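A structural walkthrough
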Protein chains: 2
Amino acid sequence: MINLISQVKLCVIKNPILVSKSFQRLCYSTIKLTSDNYPQVKRNTQFKKLTSDDLEYFQSILSPQELIVAKDRDDLNFYNTDWTHKYKGQSNIVIKPKSVEKISLIMNYCNKERIAVVPQGGNTDLVGGSVPIFDELILSLSNLNKIRSFDELTGILKCDAGAILEEVDNYLKDNGHLFPLDLGAKGSCQIGGCVATNAGGQRLIRYGSLHGNVLGLEVVLPDGTIMDSMHSLRKDNTGYDLKQLFIGSEGTIGIITGISILTPTNPKATNVSFLAVNDFKDIETVFKKAKSDLNEIMSAFEFMDMKSMKLTKKHLGEVDGTMSFPLENDYPFYILIETSGSNKDHDDAKLEKFLEDVMGDGTVVDGTMAQDVSEIEHLWKWREMIPESCQSEGAVYKYDVSLPLSQLYSLVELTNAKVKKDGLLYDAETNPEGQVIGAVGYGHIGDGNLHLNVATKEYNKTIEKCLEPYVYEAVSDLKGSISAEHGIGFQKKKYLHYSKSPVEIKLMKDIKNHFDPHGVLNPYKYV
Amino acid sequence: MINLISQVKLCVIKNPILVSKSFQRLCYSTIKLTSDNYPQVKRNTQFKKLTSDDLEYFQSILSPQELIVAKDRDDLNFYNTDWTHKYKGQSNIVIKPKSVEKISLIMNYCNKERIAVVPQGGNTDLVGGSVPIFDELILSLSNLNKIRSFDELTGILKCDAGAILEEVDNYLKDNGHLFPLDLGAKGSCQIGGCVATNAGGQRLIRYGSLHGNVLGLEVVLPDGTIMDSMHSLRKDNTGYDLKQLFIGSEGTIGIITGISILTPTNPKATNVSFLAVNDFKDIETVFKKAKSDLNEIMSAFEFMDMKSMKLTKKHLGEVDGTMSFPLENDYPFYILIETSGSNKDHDDAKLEKFLEDVMGDGTVVDGTMAQDVSEIEHLWKWREMIPESCQSEGAVYKYDVSLPLSQLYSLVELTNAKVKKDGLLYDAETNPEGQVIGAVGYGHIGDGNLHLNVATKEYNKTIEKCLEPYVYEAVSDLKGSISAEHGIGFQKKKYLHYSKSPVEIKLMKDIKNHFDPHGVLNPYKYV
């Protein structure tokens, strides 16, 4: 066997400064109100419109720093508009309580008065779940953002819901641990929002889901009751595991205010390699071998298709001309593998042998390995900047689905074919009026999770009708889930039946009614 | 640093044949009926006593192999009596349906007729949860025991609830995987029972809890509705994760009939070492170092105290005179560490370095390492036979609790002091009438899970009053949980408030009423 590692190109980073997290956003004013865009969804007349009495009540318990009242229509754009700029609500009040007790009082009042409430974390949600549809009161968790305690021996962290993921992760790293969840929006998203939406991310393959890692929650129920289940025991088998219901409930049955979570030891060694293959089937081969040979040290196995990388190249080139692509040529598919372990020599040896094998037999046709931390960040950047790059063309229709591995990429191909068939695919020569740049695919192979992003020049009804319910039907036909990690929110509520049976949907509705009989929490969404 | 590994004694197994799983049991006839033992618990008069019409209905849908009607009082002893021989019910009928549809029909009927039902798996439960208290109908899952499907690429297994853990694990091993749960009762316990009781076991430290690994369930609800959520996607974020409610619900809100679960790749290398330390604090030191140095390859970290090993020596000596203890001398505490990884050389090197360090600095004072599979089994046997050994003295009061690591062993010391203070501790010279052999401690350090076993000559009310609620109060004072993995069952129902707040208990009762308004499923237990 020839040692191909010596031929692996060093990944050169001319400028390791990270590209700015924000990107050129559309002007807020061009975004349509959700109520105009979806006129079939009506405001629930049971909900009270806020009065001066209500405002007075809020003022009686909240300080000026905890209450924002809009003076102007655009004052609350940040809170009313979602990250994808697809949904825009019309709330005039944002409250940002600094204590759980205040949230309890507010909810007790709102429940009695039938005031609808949208809980909001970092507002990085991708399915329109964290913004109002009409005039719901926005309850932001951002003022509840402290780390409560950390036990270095057990790795158990307790923090407020509003703590920012990246800040918590940095704190943990300073203490020899890491947060068992990582995702692109880490600089803005809040821990509470991550738990409420059951966020997945890149580390799931190694550390498992939040359902396994969250040990306890503090939740304010719709009637203001505080459920203090901030347990810090790895095992506690005393009764129904109620906290699980709130993980992924998207703020529809309670407001998560505190989290107790098990965090793993920070690995002493991390390696990242960026590989190219010619066929999607080769990804499956490489994954199977990685599962066997890298097993306990594998912490990420991501794939990206050629189109997603082309869009990212264009976007990163525009944002920062010095970001060079890790490989010299283009290939149909790319794989990013991360390993993390407790002994660098052992990890290097495992990875070297693995790469020798997959490059030696021709499955992997090109590749590079990061040599230090900045190169690791550079390689990850090419994966993490895809969502922003897809958005940068104007707009993006995002579908985050789970599919059986063998069928994973066929959804991207089907979607491109559908867009082309409907005459919407842009082509400079043959269809310059086409509004769709293209469907790209990337995601977490290890979890069977595909991100299908359809980059477009704008949001419009023609494109939406071309894609929906087509995409959901295709996912259902392929025996997949219409939401792997982004959740349901407003976007997927009416498509739930593609993933859940009538019995399951009825049981979900029953649970919603059980916890929130007046339906005041995050209405018009989820179920 | 001196390499102490060379001095580690080879673990010699004179006879590798495993000790028989069954042990000399008390005669069934000497076991008191639960209703006599706990006269304060009354039969719910709302529940119907079975009539010949009911029997006729059961006969109309069940074959003779699916229905056992007692002809004699002792016919159903196995089904009426729990593993610890502490609880005994009086059911005259056991049904063992061969299909989910039949279970659905039975539950629909029983719910309408108000016939109370106890779902029963392998009946290895330790808190009186799987046997009737009065005349509840026993619904055994043992005839529903097939593996439905297995996907080698993703490691996703689907099986019936009644499949035996050990059989499933062996099947998975033949296919390069393993079940993410292992426990002493594996030869008898059923997968459905494990999930219904949220069993923990030795592998939890490595593979996490069932809440993280179970991907889907099929459940028959109290009214007979079949909730088919046998999803096989690692990620599925479409709605409330209802299946989580049934994990650990102990058959009180639904009968689990099918399980879809993610199973890990079987590691290529396994090492087990058996170490001795002089102080409980040294266990903490060794654990901290193991977490750092063995990190991703550590798959078990168990501890045992001297008394538990002395009882096991006596029991194994009696059962099989050829089982030699792994170490020459006695020590206050023992540690069993298992590692599992994908590369034996790397694992050996990590473990060697680790043992060099902890033996070199004197923290670990003696130890041995298994050299092959039979020696691995032999070392594990000394941990796995403790429950049976404690029971072999006559009876055992079992407490399975979670505690903060630093406080873990103090509960054993407190309990021994209490038993002695109450004059119950046997001593050949000073107290030959004492009925309590002693309190021993062992368990899963990695999970903060202590098994406190009080070995006694018999079950009697004096001992019970000495221990309860004393033990639960002590656990509560130490900020622990009164059930780490065994659950609530009948035994701990009235002590739930030591681990759960009034709000949590109310929410649990609400959930019970929500799913099972007539309370027909597993009554007199849990909440």
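Details of the structure are given in the entry above.
Our subject in this report is the structure included herewith. Remember, it's a predicted structure, so these values are computed and weren't measured experimentally.

Quick notes on the packing of aromatic side chains
On inspection of all chains with the given rule, the structure shows 58 aromatic pairs over all chains. On the basis of an interplanar angle of 40 degrees and a centroid distance of 5.7 Å, the ring pair of Phe274 of chain B and Tyr334 of chain B is categorised as tilted. In this pair, Phe274 of chain B sits in strand β11 (residues 269–277) while Tyr334 of chain B sits in strand β13 (residues 333–341), placing the two residues 60 residues apart along the sequence. A single burial state applies to Phe274 of chain B and to Tyr334 of chain B, both of which are buried. Ring geometry for Tyr399 of chain B and Tyr472 of chain B: centres 5.7 Å apart, planes at 75 degrees, overall edge-to-face. One end of the pair, Tyr399 of chain B, is in strand β15 (residues 395–402); the other, Tyr472 of chain B, is in helix α17 (residues 470–477), and 73 residues separate them in sequence. For Tyr472 of chain B, a relative accessible area of 0% gives the class buried. Members of the aromatic cluster, joined through ring pairs, are Phe274, Phe325, Tyr331, Tyr334 and Trp382 of chain A. Against the face of Phe325 of chain A rests Lys313 of chain A, its NZ or CZ located 4.3 Å from the ring centre.

A short note on the sheet that holds strand β10 (residues 255–262) of chain B
Residues and elements named next belong to chain B. Ordered in space as β6-β7-β10-β8-β9, the five strands form an open sheet in which the pairing is antiparallel. Sheet topology places β6 (147–151) and β9 (226–229) at the edges, where each strand pairs with a single neighbour. Sheet twist, expressed as the mean angle between neighbouring strand axes with direction ignored, is 10 degrees. With six bridges connecting them, strand β8 (residues 214–220) and β10 associate as antiparallel partners. Of the residues in β10, the one forming a bridge with Val219 is Ile256. Strands in contact with helix α4 (residues 100–113) are β6, β8, β9 and β10; relative to β8, the strand with the most contacts, it is inclined by about 50 degrees.

Observations concerning the state of the cysteines
As enumerated under the stated definition, the model contains zero disulfides over all chains in all. A disulfide-free cysteine, Cys466 of chain A has its sulfur positioned 17 Å from the sulfur of Cys390 of chain A, the nearest such atom. Summary of cysteine pairing: Cys189 of chain B is not part of a disulfide, and the nearest cysteine sulfur, belonging to Cys194 of chain B, is at 3.7 Å. Here Cys189 of chain B falls in the buried class, since its relative accessible area comes to 4%.

Some details on the interface of chain B and chain A
Contact residues are listed per partner, giving 89 residues for chain B and 89 residues for chain A. Interface area for chain B against chain A, summed over the two sides, is near 6,700 Å², with a carbon-plus-sulfur share of 57%. Among the residues of chain B in contact with chain A, Lys235, Asn237 and Tyr240 of chain B are the three that bury the most area, contributing 15% of the side total. One can count nine salt bridges joining chain B with chain A. Measuring nitrogen to oxygen at the nearest pair gives 3.2 Å for the salt bridge that ties Lys235 of chain A to Asp447 of chain B. If you look at where chain B meets chain A, you find 50 residue pairs in polar contact (both at pLDDT 80 or more). When contributions to the side of chain B that touches chain A are tallied by element, the ones reaching two or more residues are α7 (204–207), α8 (210–213), β9, α9 (243–246), α10 (280–293), α12 (344–360) and α18 (502–515) of chain B. For the side of chain B that touches chain A, the element with the most residues is α18 of chain B, which contributes nine residues.

Let's talk about the environment of Pro180 of chain A
Residue and element names in this part refer to chain A. For Pro180, the position within the fold is in the loop between α5 (165–174) and α6 (191–196). As for Pro180 and Asn213, which are separated by 33 residues in sequence, their C-alpha atoms are 7.6 Å apart. Every residue in contact with Pro180, bar those within four places of it in the chain, is listed here: Arg203, Tyr207, Gly208, Asn213, Ile261, Leu262, Thr263 and Pro264.

Definitions and cut-offs
Residues numbered from 1 in each chain as written. Chains lettered and ligands numbered in written order. Predicted model: local features only at pLDDT ≥ 70, side-chain atom pairs only at ≥ 80, totals over all residues. Heavy atoms only, no water. Phe/Tyr/Trp six-rings, centres within 6.5 Å; stacked < 30°, edge-to-face > 60°. Helix = DSSP H or I, 4+ residues; strand = E, 2+ residues; numbered from the N terminus. Buried < 20%, exposed > 50% of the residue type's maximum accessible area, 1.4 Å probe, protein only. Lys NZ or Arg CZ within 6 Å of the ring centre and 35° of its normal. Pairing = 2+ DSSP bridges. Axes fitted to C-alpha atoms, helices over the stretch in contact; angles between N-to-C directions. Contact = heavy atoms within 4.5 Å. Disulfide = S-S within 2.5 Å. Buried area = accessible area lost by both parts, 1.4 Å probe. Salt bridge = Lys/Arg side-chain N within 4 Å of Asp/Glu carboxyl O. Polar contact = N/O pair within 3.5 Å; in protein donor to acceptor, adjacent residues only side chain to side chain.

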